[in-house]
Structure formats: C-alpha cells, structure tokens
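# Observations on the model geometry
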Amino acid sequence: MADNNPLWKFFVSIRLTVVLLLSLAATSVIGTLVPQNANPEAYFHQYGAFFYRLFDILNVFDMYHSWWFQLLLLLLICKIVACSIDRLSSTWKLIFPKKTTFKLSTFQKLKQKETFTDPRKPEELENAFVSVFTKAFGPPRVEKTDQGVSLFAEKGRWTRLGVYIVHSSILILIVGAMIGSFFGFEGYVNIAEGEATDT
C-alpha cells in the first residue's frame, strides 16, 4: 500500500535526499558567512537597506532558529524515518530468513572469487569443507548438483542493522538540536569591576 502512496514515494526518493542535503549545506554556508545575532545597525551598514530588509524577512541573521531551517530539519527527520521503515521489512528477512536462499549462479558471476582444482573425491571434499565452514561461519547449507556438491554459509547477518544505528544517532542529534533551538536560550551580561548582578 505504501508503494502506491505518492507522499510515501516522495519521502523515500533519492531526489529528496539530494535536495535536502544540498539545501542544508547551502544554508550552513550562508550561516557561516553571515554573522548571526549581531547588532542590526551593523547589518544595515554592511548590506544596505534593501538586503537588510530581505535578510531580516528570511531570518538570515538568526538562521538556525528560522522557521524554514527548522522545516528542513523536520523534513530530514521524516525522510530518515520513512527510508528506515521502507527497508526494514526486506532487511529483517535477510537477517532472519525462514529459509536460507542459495543460488550458485549468483556466486559464479562474482568478480571476487577464486577457482582451484583438488584431486580428492567430492565426498572427501564435502566432509573437509563442512568442517572448515562450521568452524568459520556455522553449519553450512549443502546442495547436491549435477557437477558435484555446493556448500553455502554466512555470518554477521546482524551487521545489516548498522544502518539503523547510524540513522538513530542522526535523529538524536537533529532532535536534540531542535529542542535546544525551541526551548534553549542564550544570554550575556557585562559586569564591571566591583559590581554584581543576579540576572
């Protein structure tokens, strides 16, 4: 059902990822080049009346607290969550398959392979490699073919969950930044020598 939803397709599209990342990169550059939260008179003097009004309307002088920057971050959060959910089902099946699938032709087409000959009989090789596979990966899957015997084993399926750990860490950083932006505050005070303040 999600595959037919235009909104869902929008959030899981690569195009949105590129647009969001480029937009955040561009705005970060602007936020670095334009001093943030400086004196309005300094802005007026530096950029002139027209650009001062334009930048002020766009909240460029306090960009990281602006509504449109927060919207970009919110879209990025939705994007990360949508992509994680979209791939979770297929990833889960790879990690916890009901039945391990093995296609010899897939491995025969790989470039990262090594071929060698052995004078021993297939039965001897099967017993030898079952022992090796079991120690290195766990009990292998054995399939008899017209050409002999095929063995398949793997380990570390859980490592496919690494992307979700990365996504979670990014979400924590973004949400933390947004909470600080909405509910945090900054302030300063000049205290002359011999004076005191409680505010």
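Everything below is about the structure printed above this text.
From a predicted model like this one, the values you see are computed outputs, not experimental measurements.

## A word on the state of the cysteines
The full count for this structure, using the stated rule, is 0 disulfides. C78 takes part in no disulfide bond, and the closest cysteine sulfur, belonging to C83, lies 11 Å away. Accessibility expressed as a relative area gives 34% for C78, which makes it partly exposed. Judged by relative accessible area, C83 falls into the buried class, the value being 12%.

## Considering the nonpolar core
In this structure, L24, L73, L76 and I174 are the most contacted members of the largest nonpolar core, which totals 15 residues. Considering each element in turn, this core owes the most residues, 7 residues, to helix α4 (residues 67-95). Setting aside anything within four residues of it in sequence, one finds I174 in contact with L73, L76, I77 and I80. If you look at the next biggest cluster of nonpolar residues, it comprises 6 residues, including Y43, Y52, F55 and F61.

## Observations concerning a nonpolar patch on the surface
Among the surface-exposed residues, F50, F51, L54, I57 and L58 lie close enough to one another that they form a single nonpolar patch of about 520 Å² accessible area. Within the secondary structure, L54 sits in helix α3 (residues 40-57).

## Quick look at the pairing of strand β2 (residues 148-152)
Across 5 bridges, strand β1 (residues 141-145) lies against β2 in antiparallel orientation. Residue pairing across strands places E143 opposite S150, the latter belonging to β2. Turn length for the β1-β2 hairpin, with the two strands adjacent in sequence and antiparallel, is 2 residues.

## Considerations on the layout of surface pockets
Within this model, the largest pocket holds a volume of roughly 1,100 Å³. Surrounding the largest pocket, 25 residues form its lining, L104, E114, F116, V149 and L151 being those nearest its centre. Every element with two or more residues in the lining of the largest pocket is listed here: α5 (104-108), α6 (122-136) and β2. Here the residues of the lining of the largest pocket sort into 14 nonpolar, 7 polar and 4 charged.

## Let's talk about the side chain of S84
Locating S84 in the fold gives a position in helix α4. Judged by its relative accessible area of 15%, S84 is buried. Not counting chain neighbours up to four residues away, the residues in contact with S84 comprise Y164 and H167.

## Thoughts on the packing of helix α2 (residues 14-33) against α4
Two elements in contact, α2 and α4, have axes whose closest approach is 10 Å; the angle formed by their N-to-C orientations is 145°. Between α2 and α4 the crossing geometry is left-handed. On the side of α2, the interface is formed by I14, L16, T17, L20, S23, L24 and T27, while α4 contributes W68, F69, L72, L73, L75, L76 and K79. Each residue belonging to the contact of α2 with α4 can be placed in one class, and the counts come to 10 nonpolar, 3 polar and 1 charged.

## Brief notes about the pattern of salt bridges
Pairs may arise between side chains of opposite charge once their charged atoms sit close together. Going through the model one piece at a time under the given rule, you end up with 4 salt bridges. One salt bridge connects R141 with E143, and the closest N-O pair in it is separated by 2.9 Å. According to the relative accessible area criterion, R141 is partly exposed, its value standing at 26%. Note that R157 is salt-bridged to E154, the shortest N-O span being 2.7 Å. A relative accessible area of 31% places E154 in the partly exposed class.

Conventions adopted
- Residues numbered from 1 in each chain as written.
- Predicted model: local features only at pLDDT ≥ 70, side-chain atom pairs only at ≥ 80, totals over all residues.
- Heavy atoms only, no water.
- Disulfide = S-S within 2.5 Å.
- Buried < 20%, exposed > 50% of the residue type's maximum accessible area, 1.4 Å probe, protein only.
- Core = buried A, V, L, I, M, F, W, Y, C linked by side-chain atoms within 4.5 Å.
- Helix = DSSP H or I, 4+ residues; strand = E, 2+ residues; numbered from the N terminus.
- Contact = heavy atoms within 4.5 Å.
- Patch = residues over 30% accessible without salt bridge, like charges linked within 9 Å, V, L, I, M, F, W, Y side chains within 5 Å.
- Areas by Shrake-Rupley, 256 points an atom, 1.4 Å probe, with all protein chains shown as cover.
- Salt bridge = Lys/Arg side-chain N within 4 Å of Asp/Glu carboxyl O.
- Pairing = 2+ DSSP bridges.
- 1 Å grid on protein atoms, 1.4 Å probe; cavity = no way out; pocket = protein on both sides within 12 Å on 5 of 7 lines; lining within 4 Å.
- Points joined across faces, edges and corners; volume = space filled by probe spheres on them.
- Nonpolar A, V, L, I, M, F, W, Y, C, P; charged D, E, K, R; others polar.
- Axes fitted to C-alpha atoms, helices over the stretch in contact; angles between N-to-C directions.
- Left-handed = near helix turned anticlockwise from the far one by under 90°.

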